[in-house]
Amino acid sequence: MESLAQRAALLRESLQKSQQVTDAVVSILGSFDSRLSALDSAMRPIQVRTHAVRTAHENIDRTLRSADVILTQFDRTREAEREIQKGPHENLQGFLDAVDRLRSIERFFSSNRSYRSSDGVLNHVNGLLSKALVKMEGEFQNQLSQRSKPMEPDRLFDCLPSTLRPSSESQPEGGKNPLSENQQNSEAAVYSPPALIEPKFVPLLSKLAQQLVQAGCQQQCSEIYSEARASALESSLKNLGVEKLSKDEVQKMPWEILESKIGNWIHFMRIAVKLLFAGERQLCDQVFECSQSLRDKCFAAITKNSLATLLSFGEAIAMSKRSPEKLFVLLDMYEIMCELQTEIDTIFVGESCSQMLDSALSLTKCLAQTAQKTFSDFEEAVEKDATKNIHTDGTVHPLTSYVINYVKFLFDYQSTLKQLFQEFKKEDGTGSELAAVTMKIMQALQNNLDAKAKQYKDPALMHIFLMNNIHYIVKSVRRSEAKDLLGDDWIQRHRRIVQQNANQYRRIAWSKVLQCLSGQGLTSSGGSGQVGSEGGNSSGASRAAVKERFRSFNVLFEEIYQKQCSWSVPDTELRESLRLAVAEILLPAYRSFIKRFGPLIENSKAPGKYVKHTPEQLELLLGNLFEGKQERA
């Protein structure tokens, strides 16, 4: 217990000492608090002065920085002013950079109007920009004037695919344009529009245009550009050979001259659209990159007159008096317009070009309509051809060869004609429309030949005429693309017509001669020699009657021979076939007649007076028929 009491006493003593220490610390801390309060009161004025100094320094820095920016703008203004004063001629890029700096300075002071010098600087900068604008307009015009040179024809020809470049041997001179013969190749050919202005100058022109547009001078910029480029384009076409002809001049022009000009026009259209117009569109897009509407407007203004000149010629041809020989040039013109349609649609885009695009489409349709009407006119003209100067030898009529050649040429335009037919009616894609039209033309020709054949007074010659002409038609069809279109049935049917006319000729021309070689009427009814028998004798035959038969045969044969030697069968194979057909009926009858009745003549006075020809001699004479020349038997 004593030990416990001692420990308790020690604990109380420790607690008392701890309390004393705590009281002493509290007393010390209290004195610190009063001292700190006094120190804070003493420092507050110093802190206020320090904050004021710091704020003043910040304001000074900010002012200095602003002053430095303003001074920099002044320096930039002075530098830009020197460039503007020198003008763009010596250093165009430097001049344009100076204009850009002035615009930047203008934006700076416009957004910092609180500066006292802002208004003055803005007035000065705007004055410099106005001067720069005038000089830029002048430079834009000057640059375009210097760089916009007409394209020489040789440079344009070099831009064409090699298959379409004209040479001294194949200049377009009417008929089917030599260049258009390669149309299928030309559709896939690559064209390279020429650089109308040297590429290194285009970015500078674009920059000038952009500056003028930004300054609100779109109208002046458009007029300057359009005038310079339109003049260069028109001069390029003039150098190429494009003429400004009125529709009246075109329609009064002789066909030989007009045909040549049409061939040239096809060539000019291809070059104009694929090279010159395409090049102008490309240049417009580059120079006026900043404005789509300005691109279209300028391109339309540049090409309007040139396109109108080209289309006007085409319209004059399409509206001129129709004639069969014009069909092929109409098809050539329609062909080139269809070939160029994709390019025209691509190049002449935008509202500004809509009327020009409509004009091109209108010409294509007009050419199609005129070609279709000319086609119909040709069919009618063939059937109603009233030519009366038929050949006396029964040869192929010029109308036949003309129509056949005409149809052959049509097959050079199969794809074009198919497209043409689709303009007016549905086409099943098998060529049936072209086949139907070709058959109508052939039938019209045959009807006309039937009418012309009636002008021959000699029925035999009439059949020679029909045989020659139908054979010419069939042979020509078999050797051309028309064979597949018209079909074997058509060919076989008309070959039968040829044979029918050959048979009719043989029957009509030689029936009287064959009657002279008949034994009928020469023998008595009871005799052993029957009509047509080879082995009979001449029992009961009158020598005088036999002599008269031989005499009649000689007269008739000589008459027929004289006529038919002057008749013509121009086809060698047909001529030999016809001679053989005549020999097959005449020679056996002649041999038989001589064998039966020749002995009655042999013992008479001057037998050679009656039997003038041996069968062999007669065969040789038949070999002279249908040569188209006079012969004597």
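The name that an unreviewed UniProt entry assigns to the protein chain is Exocyst subunit Exo70 family protein, with the source organism given as Panicum miliaceum. UniProt annotates the protein chain under Sequence similarities (unreviewed entry) with the comment "Belongs to the EXO70 family." The Function (unreviewed entry) comment attached to the protein chain in UniProt states, word for word, "Component of the exocyst complex."

Participant: Give a description of the overall build of the protein chain that names residues and reports values.
Facilitator: The helix and strand inventory of the protein chain stands at 21 helices and 0 strands. Looking at the protein chain as a whole, 44% of its 633 residues qualify as buried. Put simply, of all contacts in the protein chain between residues at least 6 apart along the chain, 80% involve residues at least 24 apart. Accessible surface for the protein chain amounts to roughly 33,500 Å². Of this, 50% is attributable to carbon and sulfur atoms.

Participant: Tell me about empty space enclosed by the protein, residues and numbers included.
Facilitator: As enumerated under the stated definition, the model contains 1 cavity of 30 Å³ or more in all. By volume, the largest cavity amounts to about 40 Å³. Lining the largest cavity are Ile-404, Val-407, Lys-408, Met-442, Ser-476, Val-477, Ser-480 and Ala-482. Only α13 (398–410) and α16 (459–478) provide two or more residues apiece to the lining of the largest cavity. Broken down by element, the lining of the largest cavity gets its largest block of residues, 3 residues, from α13. Taken together, the residues of the lining of the largest cavity sort by class into 5 nonpolar, 2 polar and 1 charged.

Participant: Tell me about a negative patch on the surface, and please be specific about residues and values.
Facilitator: Together, Asp-412, Glu-481, Asp-484, Asp-488 and Asp-489 give the surface a local cluster of negative charge. Residue position: Asp-484 is located in helix α17 (residues 482–486).

Participant: An account of the packing of helix α9 (residues 255–287) against helix α11 (residues 327–347) is needed here, citing residue identities and associated values.
Facilitator: For the pair α9 and α11, interaxial distance at closest approach is 10 Å and the crossing angle is 10°. One finds that α9 runs roughly parallel with respect to α11. Across from Trp-255, Glu-259, Ile-262, Trp-265, Ile-266, Met-269, Arg-270, Val-273, Lys-274, Phe-277, Ala-278 and Arg-281 in α9, the residues of α11 making contact are Val-329, Asp-332, Met-333, Ile-336, Met-337, Glu-339, Leu-340, Glu-343, Ile-344 and Ile-347. Here the contact of α9 with α11 is built from residues that sort into 15 nonpolar, no polar and 7 charged.

Participant: How would you summarise the confidence of the model for the protein chain if you had to cite specific residues and measurements?
Facilitator: When pLDDT is averaged along the protein chain, the result is 83; 86% of the residues meet or exceed 70. Across the protein chain, α16 holds the top mean pLDDT of 95, while helix α5 (residues 183–188) sits lowest at 49. Predicted confidence for residues 168–186 stays below pLDDT 50, and this span has 36 contacts to residues more than four positions away or in other chains. Per-residue pLDDT stays below 50 along residues 525–536; that stretch engages in 18 contacts with residues further than four places along the chain or on separate chains.

Participant: Could you give me a rundown of the pattern of salt bridges, with the residues and numbers involved?
Facilitator: Scanning the entire structure with this criterion turns up 18 salt bridges. The partner of Asp-296 in a salt bridge is Arg-281, with the nearest N and O atoms 2.9 Å apart. Residue Asp-296 is located in helix α10 (residues 292–319), and its partner Arg-281 is located in helix α9; the two are separated by 15 residues in the primary sequence. An identical accessibility class is assigned to Asp-296 and Arg-281; each is buried.

Participant: Describe in detail unusual backbone geometry, supporting the description with residues and values.
Facilitator: If you check the backbone angles, Phe-626 has positive phi at about 65° while not being a glycine. Structurally, the position occupied by Phe-626 is in the segment after α21 (615–622).

Participant: Now, about helix α20 (residues 572–602): what can you tell me, with residues and values included?
Facilitator: Compared with the 45 Å implied by 1.5 Å per residue over 31 residues, the 39 Å span of α20 between its first and last C-alpha is markedly short. In α20, a bend of some 50° at Arg-596 exceeds every other bend along the element, and Pro-599, a proline, comes one to four places later. If you check the start of α20, you find a side-chain oxygen 3.3 Å away from the backbone N of Glu-573, and it comes from Asp-571.

Participant: Run through the side chain of Asn-468, naming residues and quoting values.
Facilitator: Note on placement: Asn-468 falls in helix α16. Setting aside residues no more than four positions away along its own chain, Asn-468 makes contact with Gly-394, Thr-395, Val-396, Ser-568, Val-569, Pro-570 and Leu-574.

Participant: Could you give an account of the packing of aromatic side chains, with specific residues and numbers?
Facilitator: One pass over the full model with this rule turns up 20 aromatic pairs. Aromatic side chains Phe-378 and Tyr-406 sit 3.7 Å apart centroid to centroid with 15° between the ring planes, which places their arrangement in the stacked category. Of this pair, Phe-378 sits in helix α12 (residues 354–384) while Tyr-406 sits in helix α13, and the two are 28 residues apart along the sequence. Each member of the pair, Phe-378 as well as Tyr-406, carries the same accessibility label: buried. Where Phe-553 meets Tyr-590, the ring centres are 4.9 Å apart and the plane angle is 25°; that geometry is what we call stacked. Of this pair, Phe-553 sits in helix α19 (residues 543–566) while Tyr-590 sits in helix α20, and the two are 37 residues apart along the sequence. Members of the aromatic cluster, each reached through a chain of ring pairs, are Phe-328, Phe-378, Tyr-402, Tyr-406, Phe-409 and Tyr-413. In this structure, Arg-147 is placed above the aromatic ring of Phe-201, and the distance from its NZ or CZ to the ring centre is 3.6 Å. Against the face of Phe-299 rests Arg-281, its NZ or CZ located 4.5 Å from the ring centre.

Participant: I'd love a proper account of the side chain of Ser-222, names of residues and values included.
Facilitator: Tracing the backbone through its elements, the reader meets Ser-222 in helix α7 (residues 218–240). Discounting chain neighbours no more than four positions away, the residues touching Ser-222 are Leu-294, Lys-297 and Cys-298.

Participant: Got a sec to walk through the packing of helix α15 (residues 432–453) against α16? Specific residues and values, please.
Facilitator: Look at α15 against α16: their axes get within 9 Å of each other, and the N-to-C directions meet at 165°. The angle between α15 and α16 places the two elements in the roughly antiparallel class. Crossing hand, α15 versus α16: right-handed. For the pair α15 and α16, contact is made by Met-442, Leu-445, Gln-446, Leu-449, Asp-450, Lys-452 and Ala-453 and by Met-462, Phe-465, Leu-466, Asn-469, Ile-470, Ile-473 and Val-477, respectively. In the contact of α15 with α16, the residues fall into 10 nonpolar, 2 polar and 2 charged.

Here is what the cut-offs are and how they apply
- Per-chain numbering applies: the sequence of each chain, read as written, is numbered from 1 onward.
- This being a predicted model, a pLDDT of at least 70 is required before a residue's local features are given, and a value of 80 or more before pairs of side-chain atoms are given or counted; all residues contribute to the totals for chains, interfaces and linings.
- Each side-chain value is derived from all of the structure's non-hydrogen atoms; neither hydrogens nor water enter the calculation.
- UniProt positions are given in the numbering used here, feature names are shortened, and annotations may be inferred rather than shown by experiment.
- Each helix corresponds to a stretch of at least 4 residues labelled H or I by DSSP, and each strand to a stretch of at least 2 residues labelled E; elements are numbered beginning at the N terminus.
- For every residue, the accessible area (1.4 Å probe, protein chains only) is compared with the maximum for its type, and the residue is labelled buried under 20%, exposed over 50%, or partly exposed between those bounds.
- For this analysis, residues touch if any pair of their heavy atoms sits within 4.5 Å.
- Accessibility throughout is a Shrake-Rupley quantity obtained with a 1.4 Å probe, and a residue counts as covered only by protein chains that appear here.
- A cavity here means a set of points on a 1 Å grid, drawn over the protein atoms and nothing else, where a 1.4 Å probe fits but cannot get out; a pocket is an open set with protein on both sides within 12 Å along at least five of seven lines, and a residue lines either one if it has an atom within 4 Å of a point.
- Grid points are joined across faces, edges and corners, and a volume is the space filled by probe spheres set on the points.
- Any residue that is not Ala, Val, Leu, Ile, Met, Phe, Trp, Tyr, Cys, Pro, Asp, Glu, Lys or Arg is counted as polar, Gly included; the first ten are nonpolar and the last four charged.
- Within this analysis, patches are made of residues with over 30% relative accessible area and no salt bridge. Like charges are joined at 9 Å or less; nonpolar side chains (Val, Leu, Ile, Met, Phe, Trp, Tyr) at 5 Å or less.
- Salt bridges are defined as contacts in which a side-chain nitrogen from Lys or Arg sits within 4 Å of a carboxyl oxygen from Asp or Glu.
- When charges are counted, neither His nor the chain ends are considered; positive counts come from Lys and Arg and negative counts from Asp and Glu.
- Think of each charge as sitting on NZ of Lys, CZ of Arg, CG of Asp or CD of Glu.
- In this description, a line fitted to the C-alpha atoms serves as the axis of each element, helices being fitted only across the stretch in contact, and the angle between N-to-C directions of two axes falls anywhere from 0 to 180 degrees.
- When an angle is under 35 degrees it counts as roughly parallel; over 145 it counts as roughly antiparallel; between 65 and 115 it counts as roughly perpendicular; any other value is oblique.
- For every residue, the pLDDT score states the predictor's confidence, bounded by 0 at the bottom and 100 at the top.
- How far a helix is expected to stretch is found by multiplying one less than its residue total by 1.5 Å.
- What we call the bend at a residue is the angle made by axes fitted to the seven residues finishing there and the seven residues starting there.
- Throughout this description, a polar contact denotes any pair of N or O atoms lying within 3.5 Å of each other; where both atoms belong to protein, one of them has to be capable of donating a hydrogen while the other can accept it, and for residues adjacent in sequence the pair is counted only when both atoms sit in side chains.
- Only the six-membered ring of Trp is used, alongside the rings of Phe and Tyr, when aromatic pairs are assigned; centres must lie within 6.5 Å, and planes under 30 degrees apart are stacked while those over 60 apart are edge-to-face, with the rest tilted.
- Throughout this description, the term charge over a ring refers to an Arg CZ or Lys NZ atom that lies within 6 Å of the ring centre and within 35 degrees of the ring normal.
- For any helix crossing, the convention is left-handed if the near helix is rotated counterclockwise from the far helix by under a right angle, and right-handed if that rotation is clockwise.

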